[in-house]
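Chain residues, written in single-letter form:
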Amino acid sequence: RQFLRDIPKVDLHRHLEGAILPGTLISIAKRKGIQLPSYDEKELKPYLQITENDRTLLDFLKKFDTIGKAFTDREAIEEITYEAIKDANADNVKYAEFRFSPVYMANQYGLKEDDVMQGVLDGMKKAKNDFDTEVRLIMIVERQMGPEHAAQVEKMAEKYMDKGVVALDLANDEFHFPPGPYAEVFQKAKDAGLNITVHAGEAGGADNVKVSIEDLKADRIGHGVRTLEDPAVEKEVKDKGITLEMCPTSNVQTGATPSMDTHPFKRYYDEGINVTINTDDPGISAVYLRHEYEVAAPAAGLSPQQIRQAQQNALDIAFLDAGEKAALIKKKQ
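Below or above, wherever it landed, is the structure these notes cover. It should be emphasised that the depicted structure is a prediction, and the values quoted were computed from it without experimental measurement.

**Topic: the environment of Lys86**
Right, on to step 1. By the secondary structure assignment, Lys86 is in helix α6 (residues 74–90).
Right, on to step 2. For Lys86, a relative accessible area of 37% gives the class partly exposed.
Right, on to step 3. Placed 120 residues apart in sequence, Lys86 and Ala206 show a C-alpha to C-alpha distance of 36 Å.

**A few points about unusual backbone geometry**
Right, on to step 1. With phi around 90 degrees, Asn172 is a residue other than glycine that occupies positive phi space.
Right, on to step 2. Within the secondary structure, Asn172 sits in the loop between β4 (165–171) and α10 (183–191).
Right, on to step 3. The phi dihedral of Ala286 is positive, around 60 degrees, even though this residue is not glycine.
Right, on to step 4. Structurally, the position occupied by Ala286 is in the loop between α15 (282–285) and α16 (289–299).

**Observations concerning the packing of aromatic side chains**
Right, on to step 1. For the structure on display, the rule yields three aromatic pairs.
Right, on to step 2. Between Phe64 and Tyr104, the ring centres sit 6.1 Å apart and the planes meet at 90 degrees, which makes this aromatic pair edge-to-face. Of the two residues, Phe64 is situated in helix α5 (residues 64–67) and Tyr104 in helix α7 (residues 102–109); the sequence distance between them amounts to 40 residues.
Right, on to step 3. Note on Phe71 and Tyr104: the rings are 5.8 Å apart at their centroids and 75 degrees apart in plane angle, and the pair reads as edge-to-face. Taken together, the positions of Phe71 in the loop between α5 and α6 and Tyr104 in helix α7 put the pair 33 residues apart, joining distant regions of the chain.
Right, on to step 4. A cation over an aromatic ring shows up here: Lys126 above the ring of Tyr82, its NZ or CZ 4.6 Å from the ring centre.
Right, on to step 5. The ring of Phe319 has Arg220 lying over it, and the distance from NZ or CZ to the ring centre is 3.8 Å.

**Section: the packing of helix α8 (residues 113–130) against helix α9 (residues 147–159)**
Each pair of packed helices can be described by the angle between their axes along with the distance between the axes.
Right, on to step 1. Orientation of α8 relative to α9, taken along the N-to-C sense of each, is 45 degrees, at an axis distance of 12 Å. Comparing the axis directions of α8 and α9 gives the class oblique. Relative to α9, α8 is oriented so that their crossing is right-handed. Residues Glu113, Asp114 and Met117 of α8 pack against Gln152, Met156 and Lys159 of α9.
Right, on to step 2. Across the contact of α8 with α9, the residue classes tally to two nonpolar, one polar and three charged.

Quick notes on the rules
- Residues numbered from 1 in each chain as written.
- Predicted model: local features only at pLDDT ≥ 70, side-chain atom pairs only at ≥ 80, totals over all residues.
- Heavy atoms only, no water.
- Helix = DSSP H or I, 4+ residues; strand = E, 2+ residues; numbered from the N terminus.
- Buried < 20%, exposed > 50% of the residue type's maximum accessible area, 1.4 Å probe, protein only.
- Phe/Tyr/Trp six-rings, centres within 6.5 Å; stacked < 30°, edge-to-face > 60°.
- Lys NZ or Arg CZ within 6 Å of the ring centre and 35° of its normal.
- Axes fitted to C-alpha atoms, helices over the stretch in contact; angles between N-to-C directions.
- Parallel < 35°, antiparallel > 145°, perpendicular 65-115°, else oblique.
- Left-handed = near helix turned anticlockwise from the far one by under 90°.
- Contact = heavy atoms within 4.5 Å.
- Nonpolar A, V, L, I, M, F, W, Y, C, P; charged D, E, K, R; others polar.

Here is the structure:
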């Protein structure tokens, strides 16, 4: 347990919006005059964090109704970003890729997307002076908003490639909005030099994983829990070296898998598929990455040695160039 707690960690699937803790939201709300269901952390938690009554992905996503109240202005977004990196650093995360939706953040209070980006970048800059956690950014396309929105986000991701944006993601309601219609936008992102990760095989089936790989050119799949529903897709994931960004606690909370002991994590590991351990939305799930290492991954059947290999997989597939990876490896030793 001590080994799993102390090992320097890599988190490739961590939502910036879903990393907000109750105390941070309350602090912002009081300063900005924002109405919350409660200003008591304990009473506010059910509005932000998963409870025993929440059992589906839509229950999970519902938490963003309250979380959205935090993004009042550039200053608040800077604070949220700084606090998220601070929390990751306290968890001994040495490298994290924070994904977020600039449009979702901007729409809460009518901000400009560039102001959102500047708030995030300012928070990163401030955190870099205080913590030794290296951070890169992944921009999210909201799949329920359509291809025109996707094209807007893709263009923005290209604009900020030299500021730390390394990839484009497709997220939100996978069940009702499959990935196919977004193929052209994601291929454009790929051609521009952006990496691709797609939420698939979580609320939707294995076919979404297949389309994400073949048509959206995904390098990694967010979750991919249901890949096993089609052996041909499972083989394709393995043969093409596609990495699955597994988030064990979240996968149970959203109903992607019934329980930790039925989680396919070890099955994929044993079959030689690249798997990694991540938090997804640590604020909503009320977990740290160390919990996924110490509790969730062992409950899914992984040994400490296999957890270490999953950690190495994450470092190998991180959206960094060779020089940046070498520097990170040196820092982790």
